[in-house]
Amino acid sequence: MKKHNFSAGPCILSQEVLEKASKAVVNFNNLDLSLIEISHRSADFVAVMDNATDLVLELLNLKGKGYSALFLQGGASLEFLMVPYNLMKEGGKAAYTDTGAWSSKALKEAKLLGEVDVVASSKDKNYNYIPKGYTIPTDADYFHCTSNNTIYGTQMKKFPKTDGLLVCDMSSDIFSRQLDFSQFDLIYAGAQKNMGPAGATLVVVKDEILGKTGRTIPSMLDYQIHSSKDSMFNTPPVFAVYVSMLTLEWLKEQGGISAIEKLNIAKAALLYNEIDRNPLFEGSAAEEDRSDMNVTFLLTDETKKDTFDKMWKEAGISGINGHRSVGGYRASIYNAMPIESVQVLVDLMKKL
Ligand SMILES: *Cc1c(COP(=O)(O)O)cnc(C)c1O
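Here we summarise the structure given alongside this text. This one's a predicted model, so the numbers in the text were calculated from it and none came from an experiment.

**Observations regarding the packing of helix 7 (residues 256–277) against helix 9 (residues 339–351)**
Helix packing for two helices is described by the angle between their axes and how far apart those axes are. At a minimum axis separation of 9 Å, helix 7 and helix 9 run at an interaxial angle of 5°. Here helix 7 is positioned roughly parallel relative to helix 9, judged by the angle of their axes. Every residue of helix 9 that contacts helix 7 at Ala-266, Lys-267, Leu-270, Leu-271, Glu-274, Ile-275 and Arg-277 is listed here: Ile-339, Val-342, Gln-343, Leu-345, Val-346, Met-349 and Lys-350. Classifying every residue of the contact of helix 7 with helix 9 gives nine nonpolar, one polar and four charged.

Shown next as structure tokens:
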């Protein structure tokens with residue numbers, strides 16, 4: 001039987017998607033060729049890329065609103081550098097919130113290119129909350145935030161208004177909840193948390209913001225070049241793009257973001273209710289900032305650890321050990337995670 005996969009990333013994908021993907025690796029579109037042995041310039045693959053980018057804009061409700069969706073490589077981590085390269089003016093500055101390890105890494109790269117104003121940080125409490133009430137300097141070229149802090153289990157519920165551009169790392173909660181995505185000028189996400197396999201990075205960017213920094217940008221780091229070549233400036237990660245496309249199709253069949261959001265809220269509530277009810281557990285993130293994607297919790301009685309670990313392993317649960325910097329447990333309950341698997345975990349917590 002398939003395990004209950006609570007892994008933080010790479011992570012659970014729909015079983016239906018995995019089966020379609022495995023067929024395409026052997027024989028794609030009845031071409032008697034594998035998806036991964038045909039040219040990325042072939043009509044069959046170009047259709048995959050077109051469909052994938054189209055689905056991204058459709059699901060985010062950004063179609064016809066002046067945005068491009070790009071499938072790039074280098075992970076969300078390369079976006080930490082590409083964002084300042086493309087959006088920070090020569091001699092300009094950017095504002096960042098520091099809400100976890102990924103934010104810290106992002107602002108470190110931005111510092112290579114100019115001034116970085118860290119307007120708020122939750123480092124004082126090991127990133128267990130989302131800072132609020134900060135001011136973004138009016139002269140910042142852009143403001144960068146991380147919508148969901150995968151390691152700590154915190155999630156931004158609201159996004160600030162800014163005079164400059166609004167940029168968001170949505171690696172671990174993109175396509176999970178309804179937002180007005182048009183409030184963002186640039187969104188990026190590594191595919192492997194809610195969209196597909198590792199190897200592709202999604203960038204959704206408002207076309208009009210590009211080409212305005214006065215910088216000379218190396219070709220591979222230049223969004224305008226990738227955009228003008230429809231993400232085919234060089235060979236794209238064909239398998240990762242294809243599986244992302246299948247996942248986006250699957251999401252659309254589920255009813256899109258509004259339908260999956262309802263399910264995500266129900267899954268998170270099921271687990272948080274048990275954490276709050278059961279004296280043997282406590283949540284590690286501030287209650288108002290709790291993530292609906294990564295649920296972090298600790299045992300209140302460490303002597304129960306061996307028993308609990310044995311119980312969940314025997315129940316076929318996988319991937320719920322907490323990140324080493326937080327400890328305890330982290331149940332990642334991304335879009336493809338069925339509520340039945342969350343129920344299996346909750347039943348064990350009740351039995352402990
Ligand atoms: C995983 C993660 C990253 C890093 O993604 P890579 O694709 O491994 O570079 C960045 N930001 C967030 C929020 C993440 O969860």
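Additional details are given in the paragraphs that follow.
**Some points on the pairing of strand 2 (residues 67–72)**
A large share of strand 2 lies buried, amounting to six of its six residues. Neither face of strand 2 is open: one carries Tyr-67, Ala-69 and Phe-71, the other Ser-68, Leu-70 and Leu-72, and all of them are buried. Taken together, the six bridges between strand 2 and strand 10 (residues 201–206) define a ladder with antiparallel strand orientation. Looking across to strand 10, one finds that Phe-71 is bridged to Leu-202.

**Describing the packing of helix 6 (residues 238–253) against helix 7**
Relative orientation of the contacting elements helix 6 and helix 7 amounts to 80°, with a least axis distance of 7 Å. As judged from the angle between their axes, helix 6 and helix 7 are roughly perpendicular. Contact residues: helix 6 offers Trp-250, Leu-251 and Lys-252, while helix 7 offers Gly-256, Ile-257 and Ile-260. Classifying every residue of the contact of helix 6 with helix 7 gives four nonpolar, one polar and one charged.

**A closer look at the sheet that holds strand 11 (residues 281–283)**
One open sheet accounts for three strands, arranged 11-12-14; its pairing is antiparallel. Since the sheet does not close on itself, it has two edges, and those belong to strand 11 and strand 14 (329–332), each with one partner. Across this sheet, the average inter-strand angle for adjacent strands is 35°, counted without regard to direction. As paired elements, strand 11 and strand 12 (residues 294–299) share three bridges and run antiparallel to each other. By the bridge assignment, Glu-282 is partnered in strand 12 with Leu-298. Its contacts with the sheet place helix 7 against strand 11, strand 12 and strand 14, and it is angled at close to 20° to strand 12.

Procedures and definitions
- Residues numbered from 1 in each chain as written.
- Predicted model: local features only at pLDDT ≥ 70, side-chain atom pairs only at ≥ 80, totals over all residues.
- Heavy atoms only, no water.
- Axes fitted to C-alpha atoms, helices over the stretch in contact; angles between N-to-C directions.
- Helix = DSSP H or I, 4+ residues; strand = E, 2+ residues; numbered from the N terminus.
- Parallel < 35°, antiparallel > 145°, perpendicular 65-115°, else oblique.
- Contact = heavy atoms within 4.5 Å.
- Nonpolar A, V, L, I, M, F, W, Y, C, P; charged D, E, K, R; others polar.
- Buried < 20%, exposed > 50% of the residue type's maximum accessible area, 1.4 Å probe, protein only.
- Pairing = 2+ DSSP bridges.

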